[in-house]
Amino acid sequence: MSDTPEGKPEPLVSREALSYVVSQQTFSNWTGVTVNRVEYGLVELEMPFRREDMAQHHGFLHGAMIGFLVDNVCAYTAATVVGDVLTAQYSVNFLRPGIGAKFIARGQMVSRSKRQVVVRADIFAVQEGEEKLIAIGDSVVMPAGERNEVRELK
């Protein structure tokens, strides 16, 4: 594993590889989510809001969509550290309604061992350039083993 000029390790998967994974997953592709940033132990996703098919009955972003963002940003963040992964558990705490033109999910690795990576997710609604934290989550993510198609795409 090589280091970046800033002294951080290089991520095991690239932004391009994660973008490819998104394009191959029917649901992820449907959401319009894009991979904005990839570093070792850190990923940022962006998802546009489509009220006609993403809103709950009050017009806010549906909680299931927030759960999707937590799960994916945590899994992708863990992948930057250990390669191919599977989510073992995730949880979401909703802080305020999801009101925005788009949503940003930022994942940050908290800890890692041989068997798991723990990641925190912050979910923001973006309206007129202003970010508001609407949910936080965390996830336990497991390495998927030696078979690693994502790493091969790097």
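In case you missed it, the structure is sitting above this.
All values derive from a computational prediction rather than experimental measurement.

Q: What exactly am I supposed to notice about the overall build of the protein chain here?
A: Broken down by element type, the protein chain carries 5 helices and 6 strands. Helices and strands in the protein chain line up, N terminus first, as α-α-β-β-α-α-β-β-β-β-α. Across the 154 residues in the protein chain, those meeting the buried criterion constitute 43%. Taking all contacts inside the protein chain whose residues are at least 6 apart in sequence as the whole, residues at least 24 apart take part in 61%.

Q: Any chance you could explain the packing of aromatic side chains here in plain terms?
A: Each aromatic ring pair is characterised by the separation of its centres together with the angle its planes make. Enumeration according to the criterion identifies 3 aromatic pairs in this entry. Taking 5.9 Å as the distance between ring centres and 80 degrees as the angle between the ring planes, the aromatic pair formed by Phe49 and Phe103 counts as edge-to-face. On the criterion of sequence distance, the pair formed by Phe49 in the loop between β2 (42–48) and α3 (51–54) and Phe103 in strand β4 (residues 102–112) is long-range, its members being 54 residues apart. Classification of Phe103 by relative accessible area gives buried; the value is 0%. Three or more aromatic residues joined by ring pairs make a cluster, and in this case those are Phe27, Trp30 and Phe68. Lying over the aromatic face of Trp30, Arg50 brings its terminal NZ or CZ to 4.5 Å of the ring centre.

Q: Help me understand the pattern of salt bridges, please; the structure alone is not making it clear to me.
A: One pass over the full model with this rule turns up 7 salt bridges. The closest approach of N and O atoms between Lys8 and Glu39, which form a salt bridge, is 2.5 Å. Of this pair, Lys8 sits in the segment before α1 (15–24) while Glu39 sits in strand β1 (residues 34–39), and the two are 31 residues apart along the sequence. For Arg106, the salt bridge goes to Glu131, with nearest N and O atoms at 2.8 Å. Taken as a pair, Arg106 in strand β4 and Glu131 in strand β6 (residues 130–143) lie far apart in primary sequence, 25 residues in all. Given the relative accessible area of 26%, Arg106 is considered partly exposed. With a relative accessible area of 37%, Glu131 lands in the partly exposed category. Sharing partners across several salt bridges, the network here consists of Lys8, Arg37 and Glu39.

Q: Is there a simple way to explain unusual backbone geometry in this structure?
A: You will see that Glu128, though not glycine, has its phi angle at about 50 degrees, which is positive. Exposure remark for Glu128: the relative accessible area of 81% places this residue in the exposed category.

Scoring rules and cut-offs
- Residues numbered from 1 in each chain as written.
- Predicted model: local features only at pLDDT ≥ 70, side-chain atom pairs only at ≥ 80, totals over all residues.
- Heavy atoms only, no water.
- Helix = DSSP H or I, 4+ residues; strand = E, 2+ residues; numbered from the N terminus.
- Buried < 20%, exposed > 50% of the residue type's maximum accessible area, 1.4 Å probe, protein only.
- Contact = heavy atoms within 4.5 Å.
- Phe/Tyr/Trp six-rings, centres within 6.5 Å; stacked < 30°, edge-to-face > 60°.
- Lys NZ or Arg CZ within 6 Å of the ring centre and 35° of its normal.
- Salt bridge = Lys/Arg side-chain N within 4 Å of Asp/Glu carboxyl O.

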